[in-house]
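Here is what each chain is made of, one letter per residue.
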Amino acid sequence: MINRRFFSIGLGATMLAACSGGMPSSAPATRMRAVPNAGWDAWVAGFKSRAAAQGISQTTVNRAFQGAGYLPDVIERDRNQVEFKRSLEDYLAIAASDERIATGKQMLVRHAGTLSAIEAQYGVDKEVIVAVWGLESRYGARRGDVPVISATSTLAYDGRRGAFFEKQLVAALKIIQEGDTTPANMTGSWAGAMGHTQFIPTSYLAYAVDFTGDGRRDIWSEDPTDSLASTAAYLARAGWVRGQPWGGEVGTVSGTPVAVLQPQTPGPRIAVFRNFQVIKRYNNSDSYAIGVGHLSDRIAGGAPFQASFGPDATGLTLEDRKELQRRLTSAGYDTQGADGVVGNNTKSAISAYQRANGLTVTGEPSAALLRQLGG
């Protein structure tokens, strides 16, 4: 079975995370604009004959490329992907944040009938389906607004992974030709991942389903039904074992696991079962699979991991880092949230505070900085 992703998300969902180990995305997308490019124009002219040889009609090609263009921002994103090296603690602080858990519970109730029907048909736990949705697009809030034909053709023309993206472009054209969506409606991430649960075009063709029965496999709709069912179909075909857990903290799950992992020391020891490997077919990252599994457990009402991760190299615990972010924001140096994960926003806030207070500018958290910020 083809892996749904060609990249590791470290982040993030679309290069969350899509993803230094599948890091969930937290930054809003930036709308990209096409610019004239004679080289791209020439490449498209040559591509059209190759598309015809693969069964794409001239009418479909003309429709798809009307209004499409070369996107330099896509090339910049592709050239400057950052491989985040997050600890499991940091990853889970984002993937299974209080907000993501609470919203997941709301979605479980809101779509209860649909999710129960999907679970019954495919055998995949509804909480797992919702957790994938939560990590991939924040429950549909961040599906991406980049035109897929423009993005995939730009990347195919660029050539760094030309064969792969030309394959995605041909698949996208087949989707349009089959009538599932229109070129204007076919939007996604800068790398062509689409819909509520971020399917690339080839995976869409292989696994997407029409669960609503309207004749279209519509993963772009505000209605997430087809996306959620398509995710369940993907996991089912990847070998999901009905009624078996993905895993859990050692001592909290029964049965004989296939492995016991301890991604971070100190930290929880995690027993994993076959379904853990199935989740990794969606995104080949231990952190991603643990994130989906743990978020699904929390959505279902389960408890946090009991083992402590302990303080980090600076001597701060996760709660200390959250408190540092809260105090910085209260002092006028906004960290854009208090999840305890020290990223660029927090480092910028620390640097601004240090600069304004005559301190050595390091941008790094510390126990001394937490004390100086007071209560």
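What counts, and where the lines are drawn
- Residues numbered from 1 in each chain as written.
- Predicted model: local features only at pLDDT ≥ 70, side-chain atom pairs only at ≥ 80, totals over all residues.
- Heavy atoms only, no water.
- 1 Å grid on protein atoms, 1.4 Å probe; cavity = no way out; pocket = protein on both sides within 12 Å on 5 of 7 lines; lining within 4 Å.
- Points joined across faces, edges and corners; volume = space filled by probe spheres on them.
- Helix = DSSP H or I, 4+ residues; strand = E, 2+ residues; numbered from the N terminus.
- Nonpolar A, V, L, I, M, F, W, Y, C, P; charged D, E, K, R; others polar.
- Expected span 1.5 Å × (residues − 1).
- Buried < 20%, exposed > 50% of the residue type's maximum accessible area, 1.4 Å probe, protein only.
- Contact = heavy atoms within 4.5 Å.
- Pairing = 2+ DSSP bridges.
- Axes fitted to C-alpha atoms, helices over the stretch in contact; angles between N-to-C directions.
- Phe/Tyr/Trp six-rings, centres within 6.5 Å; stacked < 30°, edge-to-face > 60°.

Novice: Residue-level account of the layout of surface pockets, with values.
Specialist: By volume, the second largest pocket is sized at about 160 Å³. Lining the second largest pocket are 13 residues, with Gly-248, Glu-249, Thr-252, Asp-297 and Ala-303 sitting closest to its centre. The biggest single contributor to the lining of the second largest pocket is strand β4 (residues 247–249), with three residues. Each residue belonging to the lining of the second largest pocket can be placed in one class, and the counts come to five nonpolar, six polar and two charged.

Novice: Lay out helix α9 (residues 162–177) with the relevant residues and their values.
Specialist: Count 3.6 residues to each turn of an α-helix, and residues three or four apart come out pointing the same way. A rise of 1.5 Å per residue sets the reference length of α9, with its 16 residues, at 22 Å; its end C-alpha atoms lie 22 Å apart and thus fit the reference within 8%. All of the buried residues in α9 are Gly-162, Phe-165, Glu-166, Gln-168, Leu-169, Val-170, Ala-171, Ala-172, Leu-173, Ile-175 and Ile-176. Against the buried residues of α9 lie α1 (38–53), α2 (58–65), α8 (148–158) and α10 (201–207). Positive backbone phi, approximately 85 degrees, marks Gly-179, located one or two places after α9.

Novice: Run through the sheet that holds strand β5 (residues 259–261), naming residues and quoting values.
Specialist: Read from one edge to the other, the open sheet built from three strands follows the order β4-β6-β5, with strand pairing classed as antiparallel. Strands at the two margins of the open sheet, each flanked by one partner only, are β4 and β5. Taken over all neighbouring pairs, the strand axes of this sheet differ in orientation by 20 degrees on average, direction set aside. The pairing of β5 with strand β6 (residues 270–272) spans three bridges and is classified as antiparallel. Paired with Leu-261 across the strands is Ile-270, a residue of β6.

Novice: Quick rundown of α8? Include the residues and the values.
Specialist: In terms of burial, α8 is largely enclosed, as nine of its 11 residues are buried. Turning to α8, its buried residues number three or more, namely Val-148, Ile-149, Ser-150, Ala-151, Thr-152, Ser-153, Thr-154, Leu-155 and Ala-156.

Novice: Can you explain the packing of aromatic side chains? Please cite residues and give values.
Specialist: The geometry of an aromatic ring pair comes down to the distance between the two centres and the angle between the two planes. Within this structure, the stated rule accounts for 14 aromatic pairs. Here the aromatic rings of Phe-199 and Tyr-234 are separated by 6.2 Å at their centres, their planes lie at 85 degrees, and the arrangement is edge-to-face. Pair noted here: Phe-199 is in the loop between β3 (187–188) and α10 and Tyr-234 is in helix α11 (residues 225–237), with a separation of 35 residues, a long-range link. No difference in accessibility class separates Phe-199 from Tyr-234, as the two residues are buried. Both rings, one in Tyr-333 and one in Tyr-353, keep their centres 5.5 Å apart while their planes meet at 90 degrees; by these two values the pair is edge-to-face. Here Tyr-333 is found in the loop between α14 (318–330) and α15 (344–356), whereas its partner Tyr-353 is found in helix α15, with 20 residues between them in sequence. Judged by relative accessible area, which is 7%, Tyr-353 ranks as buried. Every member of this aromatic cluster is reached through a ring pair, and the members are Trp-40, Trp-43, Phe-47 and Phe-65.

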